[in-house]
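# Examination of the molecular architecture
Each chain is listed here by its residues.
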Number of protein chains: 2
Amino acid sequence: MNAHPSAALIAVGDELLSGAQADTNSAWLARELAQHGVAVETIEVAGDDEPLIAAAVQRALERSELVLVGGGLGPTLDDVTRHGIARALARELDESAEALAEVSAWFDRRGVVMSDTNRRQALFPRDAHILRNRAGTAPAFLVEHEGRVVVALPGPPRELSAVWREELLPWLEAHGWTRTPLAERRFYLFGIPESLFAERVGAWMARDADPRMGCTVRDGTLTAALRARDASRDSLAALERRADEFRARFAHETYSESEWELEHVLAAELLARGITISAAESCTGGLAQELLTRVPGISRVFRQGYVTYADEAKQDLLGVPGELLRAHGAVSREVAEAMARGAARASGSALAFAITGVAGPEGGSASKPVGLVWLATVLDGVVQSSERRLPAVERDSIRRVAARTALFLCWKRVRDASAARD
Amino acid sequence: MNAHPSAALIAVGDELLSGAQADTNSAWLARELAQHGVAVETIEVAGDDEPLIAAAVQRALERSELVLVGGGLGPTLDDVTRHGIARALARELDESAEALAEVSAWFDRRGVVMSDTNRRQALFPRDAHILRNRAGTAPAFLVEHEGRVVVALPGPPRELSAVWREELLPWLEAHGWTRTPLAERRFYLFGIPESLFAERVGAWMARDADPRMGCTVRDGTLTAALRARDASRDSLAALERRADEFRARFAHETYSESEWELEHVLAAELLARGITISAAESCTGGLAQELLTRVPGISRVFRQGYVTYADEAKQDLLGVPGELLRAHGAVSREVAEAMARGAARASGSALAFAITGVAGPEGGSASKPVGLVWLATVLDGVVQSSERRLPAVERDSIRRVAARTALFLCWKRVRDASAARD
């Protein structure tokens, strides 16, 4: 076995090859594995086809010690992962009386009669180790095979994560398949374009640099990852030096070293300082509040918010003066600021933000093109506002970046205010 | 060349193997290709590593006629897709003066100085055909090689889709790589569990059935796809017969045959009939309104909505009586109905919905467990309400299913009302 075991992921489903669904399970599994020192070397998608699944499993076994197959364990006849794995390993499929009892108990608990097609969920390759699935009906399993391990996991994300957490990870730990991961430092930056970032990091991103640096951009956030080349003391020291240099160079743009989700970073500040928040959204239609309320416990600082899509709604709910709307239009500094003030006033919150913009595809003009967004924040009565001109390519991406920009600006204000106090 | 060309997709990026990001580009490309008669046979992920990318391209060329590589064309030094493809095809990389001029013109238009690292974006394998990228700086390219085609596409989704639409698809059509797709019928059903569905379709989903049927479940929607085995008249006739049978059997659950997104299905009804809508959301924090406002033009029927997270907000903004909250709690039929009535009254809309539930992970009790959601709709003053007990596995999934349930219930009400009128 290598110092760090390698894993291959196979996502099963015609819906992935047809594009009806994206493979999000593999990314989730890769993150979990990395945290336990297992490096994912390949990710592959296979259709709902026994020979294709078998071939993918065999290919994966040539390269990796752990092969995790996700999906295709359901009750319907197009679910053939168990058959594909059995074929790849040249084993029979046996019905497990114990698993059958589990499956039917699951239905009993819900007062539903088990259908016959669910019986196939109790089939396993011979000598498989069954992994219980408390979140659904399909039991998962693993097979030890010539010093390697092939695992079958359910496709529904919540079942996959439950089986991973409760069954597979404990088994991997108990059987010596996990490691302390290679040292890594991550930085999450908001609002810096990738080409400017490349210019400012220069040779830090060279292919032979130690630590190695990678970066990726999504929804306004640039994620920079520094990875130690190995576990040596020199490599770890180089990583820490580079991380310190990075912090100094990008102090202005970095909002976290552990958390991509801006809503969690902002919520942590708000909850720690007891700062209440409200929101007034126009073009983002509730997205920024939706992000914020993903955070458990946010009710301690967030009580209410407004989706004011129409001009009249901005007047009625937020008290934006009609003359302001007529003089400057709904997408303007003046209206953004009035919306934020109105949300703070109506909700009684210390902090409020407002978003108003042209999300498109219609509604743009020469002076106010699609992608123009005005943002305002009010903290303890002091208003700030700024404009963004986002690439006018996609309504959804304009909305996502606009909502996250508002969260970033709120975070900056809270941080700046507390820095000024200290 | 086969009757239907086959494609292999390779998504490039360490961030995909580490799980920092899911590969959503491949699903998008697979859908586009399928619509033009090209079947995706494999999807693979490769890290930012020249030899690994080269090996993946070579493997893909053994199986497929079209190889589409997405990502790794950016300006940073870890972007090595062009090098990997050149290596796989044993070609030199040349700098294109024309492409360099395009890249620097892109920066000029934005009044930004082009950085030196952007020069590498003008490198291409010898004899490559350059695909212009009007949405970003990285030009894409394709290489014809021994009767097959290798394409490199940019990783950012909006650049990928722009290059596909404006450059690659027209090229594929002009060079005879597209086909009329195999006939398929899709059905989108809401709220039916997969095991019950399997029971009710029975042998329709057998592996050797013609048409072949597959199904997949996400966020409360079950997608059933019927696919003709071939382009023969018999196969097409069998597909139409089965589609008719399906419509009759699942008339109650099917909300669309063309559109997964419930917000578009609902919005089409609202816009066609001029029915105004408003919303009051508690546990979903604005998600249902965010979904609805994804639809361009929705401002004609949606003017405003409320995120009433706290009890006081339900009282202040929606006029929910305090005694109702005290007597029944915020998650109850009575409060859901009062919220919906309040939203309709305050906004003056014909239709309004309300969502109140326990999204967890905290806040559940024996009588009101995590996953309990109450939903209410008001249409022209008539209120309806219902309860859902969603699997208490994940806060986000409870919220997603709850928001989509509200959209489905609104759609049902509008449909039922118009059926009653007809």
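Residues numbered from 1 in each chain as written. Chains lettered and ligands numbered in written order. Predicted model: local features only at pLDDT ≥ 70, side-chain atom pairs only at ≥ 80, totals over all residues.

Moving on, we come to the overall build of chain A. A tally of helices and strands in chain A yields 14 helices and 17 strands. Across its three principal axes, chain A shows a C-alpha extent of roughly 75 × 60 × 40 Å. A burial count over chain A gives 53% of its 422 residues as buried. A fraction of 65% describes how many contacts in chain A between residues 6 or more apart in sequence connect residues 24 or more apart. (Helix = DSSP H or I, 4+ residues; strand = E, 2+ residues; numbered from the N terminus. Buried ≥ 20, exposed ≤ 12 C-beta atoms within 10 Å, placed from the backbone. Contact = placed C-beta atoms within 7 Å.)

Each turn of an α-helix holds 3.6 residues, which means side chains three or four residues apart point in the same direction. Residue and element names in this part refer to chain B. Listed as buried for helix 7 (residues 194-201) are Glu194, Ser195, Phe197, Ala198 and Val201. Projected down its long axis, helix 7 carries its buried residues within an arc of 160 degrees, all on one side. In this fold, the buried residues of helix 7 make contact with strand 10 (212-218) and strand 11 (221-227). In the stretch just after helix 7, glycine 202 is the one whose phi turns positive, near 55 degrees. (Arc of directions from axis to C-beta.)

With that settled, consider the pairing of strand 9 (residues 184-190) of chain A. Residue and element names in this part refer to chain A. Where strand 9 and strand 11 (residues 221-227) come together, seven bridges link them in antiparallel fashion. Considered in strand 11, the bridge of phenylalanine 187 is made with alanine 224. With two bridges connecting them, strand 9 and strand 12 (residues 254-256) associate as antiparallel partners. Among the inter-strand pairings, tyrosine 188 is bridged to a residue of strand 12, identified as serine 256. (Pairing = 2+ DSSP bridges.)

Counting residues at the interface gives 78 residues for chain A and 77 residues for chain B. Per-class residue counts for the side of chain A that touches chain B are 33 nonpolar, 25 polar and 20 charged. Strand direction decides the pairing type here: strand 2 (residues 39-46) of chain A and strand 2 (residues 39-46) of chain B, joined by three bridges, are antiparallel. Following the sheet pairing, glutamate 44 of chain A is matched in strand 2 of chain B by glutamate 44 of chain B. (Nonpolar A, V, L, I, M, F, W, Y, C, P; charged D, E, K, R; others polar.)

Further remarks concern the domain arrangement of chain A. If you check the domain split of chain A, you get domain 1 (6-174), domain 2 (184-256) and domain 3 (262-421). Domain 1 of chain A and domain 3 of chain A are separated by 44 Å when their C-alpha centres are compared. (Domains from an automatic or database assignment.)

With that settled, the discussion passes to the sheet that holds strand 15 (residues 351-357) of chain B. Overall, mixed pairing links the ten strands, which are arranged 17(A)-16(A)-15(A)-13(A)-14(A)-14(B)-13(B)-15(B)-16(B)-17(B) in an open sheet. In this open sheet, the two edge strands, each paired with only one partner strand, are strand 17 (382-389) of chain A together with strand 17 (382-389) of chain B. Neighbour to neighbour, the strand axes of the sheet diverge by 15 degrees on average, direction disregarded. With seven bridges joining them, strand 15 of chain B and strand 16 (residues 372-379) of chain B adopt antiparallel strand pairing. Looking across to strand 16 of chain B, one finds that threonine 356 of chain B is bridged to tryptophan 374 of chain B. (Axes fitted to C-alpha atoms, helices over the stretch in contact; angles between N-to-C directions.)

The next subject is the sheet that holds strand 12 (residues 254-256) of chain B. Residue and element names in this part refer to chain B. Reading across the sheet, the four strands line up as 10-11-9-12 and stay open at both edges, with antiparallel pairing between neighbours. In this open sheet, the two edge strands, each paired with only one partner strand, are strand 10 and strand 12. Within this sheet the neighbouring strands show an average axis-to-axis angle of 30 degrees, counted without direction. Against the sheet, helix 8 (residues 233-249) engages strand 9 (184-190), strand 11 and strand 12, with an angle of about 155 degrees to strand 11.

The omega torsion across glycine 360 of chain A and proline 361 of chain A is 0 degrees, close enough to zero to call that bond cis. On the secondary structure map, proline 361 of chain A appears in the loop between strand 15 (351-357) and strand 16 (372-379). Within the chain, alanine 90 of chain B stands out as a residue other than glycine whose phi angle is a positive 50 degrees. For alanine 90 of chain B, the location among the structural elements is in the loop between helix 4 (81-88) and strand 4 (93-95). Positive phi is not limited to glycine here, since aspartate 219 of chain B has a value of about 50 degrees. Within the secondary structure, aspartate 219 of chain B is located in the loop between strand 10 and strand 11.

Let's shift gears to the nonpolar core. Judged by nonpolar contacts, the single largest core of 160 residues is most densely connected at Met339, Ala340 and Phe353 of chain A together with Met339, Ala340 and Phe353 of chain B. Contacts of phenylalanine 353 of chain A, omitting those with residues within four sequence positions, involve Ala279, Ala340, Leu375, Ala376, Thr377, Ala406, Leu409 and Cys410 of chain A. Within the second largest apolar cluster, 122 residues are counted, among which are Leu9 and Ala60 of chain A together with Val45 and Leu66 of chain B. (Core = buried A, V, L, I, M, F, W, Y, C linked by C-beta atoms within 7 Å.)

With that settled, consider the relation of the copies chain A and chain B. Taken together, a rotation about one axis and a shift along it account for how the two chain copies relate. Once chain A is rotated about the relating axis by 180 degrees and shifted along it by 0.0 Å, it coincides with chain B to within an RMSD of 0.1 Å. Such values leave the two copies arranged in the relation of a two-fold axis. (Least-squares fit on C-alpha atoms with pLDDT ≥ 70 in both.)

What follows concerns the packing of helix 9 (residues 262-273) of chain B against helix 14 (residues 395-421) of chain B. Residue and element names in this part refer to chain B. One way to put it is that helix 9 packs onto helix 14 with a least axis distance of 9 Å and a crossing angle of 35 degrees. Considering how the two elements wind past one another, helix 9 and helix 14 form a crossing that is left-handed. Between helix 9, through Leu262, Glu263, Val265, Leu266, Glu269, Leu270 and Arg273, and helix 14, the contact on the second element is made entirely by Arg404, Leu407, Phe408, Cys410, Trp411, Val414, Arg415 and Ser418. A breakdown of the residues in the contact of helix 9 with helix 14 according to their chemical character gives nine nonpolar, one polar and five charged. (Left-handed = near helix turned anticlockwise from the far one by under 90°.)

When two helices pack together, you describe them by how their axes are tilted relative to each other and by the distance separating the axes. All names here are of chain B. Running from N to C, helix 2 (residues 25-35) and helix 6 (residues 157-174) cross one another at 20 degrees; their axes reach a closest spacing of 11 Å. When the interaxial angle is binned, helix 2 and helix 6 end up roughly parallel. Handedness of the crossing formed by helix 2 with helix 6: right-handed. Facing Asn25, Trp28 and Glu32 of helix 2, the residues of helix 6 in contact are Pro157, Leu160, Ser161 and Trp164. Broken down by class, the residue content of the contact of helix 2 with helix 6 amounts to four nonpolar, two polar and one charged. (Parallel < 35°, antiparallel > 145°, perpendicular 65-115°, else oblique.)

Next up on the list: helix 13 (residues 333-347) of chain A. Residue and element names in this part refer to chain A. The terminal C-alpha atoms of helix 13, which comprises 15 residues, lie 21 Å apart, in line with the 21 Å expected from a rise of 1.5 Å per residue. Of all 15 residues in helix 13, eleven are buried; the element is thus mostly enclosed. Residues Val335, Ala336, Glu337, Ala338, Met339, Ala340, Arg341, Gly342, Ala343, Ala344 and Ser347 constitute the buried set of helix 13. Phi turns positive, to about 70 degrees, at glycine 348, one or two residues after helix 13. (Expected span 1.5 Å × (residues − 1).)

A word on the environment of proline 321 of chain B. Along the chain, the position of proline 321 of chain B falls in the loop between helix 11 (311-318) and helix 12 (322-328). Proline 321 of chain B gets classed as partly exposed once you count the C-beta atoms within 10 Å, which come to 14.

The next subject is the confidence of the model for chain A. Across chain A, the average pLDDT comes to 93, with 100% of residues at or above 70. Interface scoring of the predicted complex returns ipTM 0.78; its pTM is 0.80. (pLDDT = per-residue confidence, 0-100.)

Take the pairing of strand 16 of chain B next. Residue and element names in this part refer to chain B. For strand 16, the buried fraction is high: eight of the eight residues fall into the buried class. Burial along strand 16 is two-sided: Leu372, Trp374, Ala376 and Val378 facing one way and Val373, Leu375, Thr377 and Leu379 facing the other are all buried. With eight bridges connecting them, strand 16 and strand 17 associate as antiparallel partners. Within strand 17, the position partnered with leucine 375 by the bridge is serine 386. The loop that links strand 16 with its antiparallel partner strand 17 comprises two residues; one of these, aspartate 380, has a positive phi angle of about 50 degrees.

Here the focus is the environment of valine 382 of chain B. All names here are of chain B. Tracing the backbone through its elements, the reader meets valine 382 in strand 17. Assessed through the 9 C-beta atoms surrounding it within 10 Å, valine 382 is described here as exposed. Separated by 31 residues in the primary sequence, valine 382 and leucine 351 have C-alpha atoms spaced 9.4 Å apart.

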